[in-house]
Amino acid sequence: MFPVARAAQSLVARSIQHTAIRQAHRKHGLTFHDKYGTMVLLGGAAVFSTVWGYVLTQLNIEWGFSPIGRVTPREWRE
């Protein structure tokens, strides 16, 4: 192995070791996802369910595979 390549390899290995040691000794605080992840997920699921529940129950949707002969215009309210 060439001396320059060997020196570069040792520098890379040393920097990786220093990074690993620095991260291992650092105290980890709670992140946003650790604190609020479950609540955000549940809140999003509740909003999703509420909106689609309203859409599926309150709109006049004719359920079927083919709309031919099933879609009729409603009278206009004045």
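Residues numbered from 1 in each chain as written. Predicted model: local features only at pLDDT ≥ 70, side-chain atom pairs only at ≥ 80, totals over all residues. Heavy atoms only, no water.

Right, let's talk about the overall build of the chain for a bit. Of the regular secondary structure elements, the chain holds two helices and zero strands. Sorting the 78 residues of the chain into buried and exposed places 0% on the buried side. Just so you have it, the chain exposes about 8,200 Å², and 65% of that area is on carbon and sulfur atoms. (Helix = DSSP H or I, 4+ residues; strand = E, 2+ residues; numbered from the N terminus. Buried < 20%, exposed > 50% of the residue type's maximum accessible area, 1.4 Å probe, protein only. Areas by Shrake-Rupley, 256 points an atom, 1.4 Å probe, with all protein chains shown as cover.)

With that settled, consider the packing of aromatic side chains. In total, this model carries one aromatic pair according to the counting rule given. Measuring from centroid to centroid gives 5.2 Å for Phe 32 and Tyr 36, while their planes differ by 50 degrees, and the two rings are tilted. In this pair, Phe 32 and Tyr 36 both sit in helix 2 (residues 32-58), four residues apart, roughly one turn of the helix. (Phe/Tyr/Trp six-rings, centres within 6.5 Å; stacked < 30°, edge-to-face > 60°.)

Let's shift gears to a nonpolar patch on the surface. Taken together, Val 47, Phe 48, Val 51, Trp 52 and Leu 56 make up a surface patch of nonpolar side chains, about 520 Å² in accessible area. Inspection of the secondary structure puts Phe 48 in helix 2. Overall, Phe 48 belongs to the exposed group, its relative accessible area being 55%. (Patch = residues over 30% accessible without salt bridge, like charges linked within 9 Å, V, L, I, M, F, W, Y side chains within 5 Å. Salt bridge = Lys/Arg side-chain N within 4 Å of Asp/Glu carboxyl O.)

Moving on, we get to the UniProt feature "transmembrane region" (unreviewed entry) in the chain. According to UniProt, the positions carrying the feature "transmembrane region" (unreviewed entry) are residues 36-55. Between the end C-alpha atoms of residues 36-55 the distance is 28 Å, and the span holds 100% helix and 0% strand. (UniProt positions renumbered as here; feature names shortened; annotations may be inferred.)

For the rest of this paragraph, the subject is helix 2. The end-to-end C-alpha distance of helix 2, which contains 27 residues, comes to 37 Å, matching closely the 39 Å that a straight helix rising 1.5 Å per residue would cover. At Thr 38, helix 2 shows its largest kink, close to 30 degrees. (Expected span 1.5 Å × (residues − 1). Bend = angle between axes of the 7 residues up to and from the residue.)

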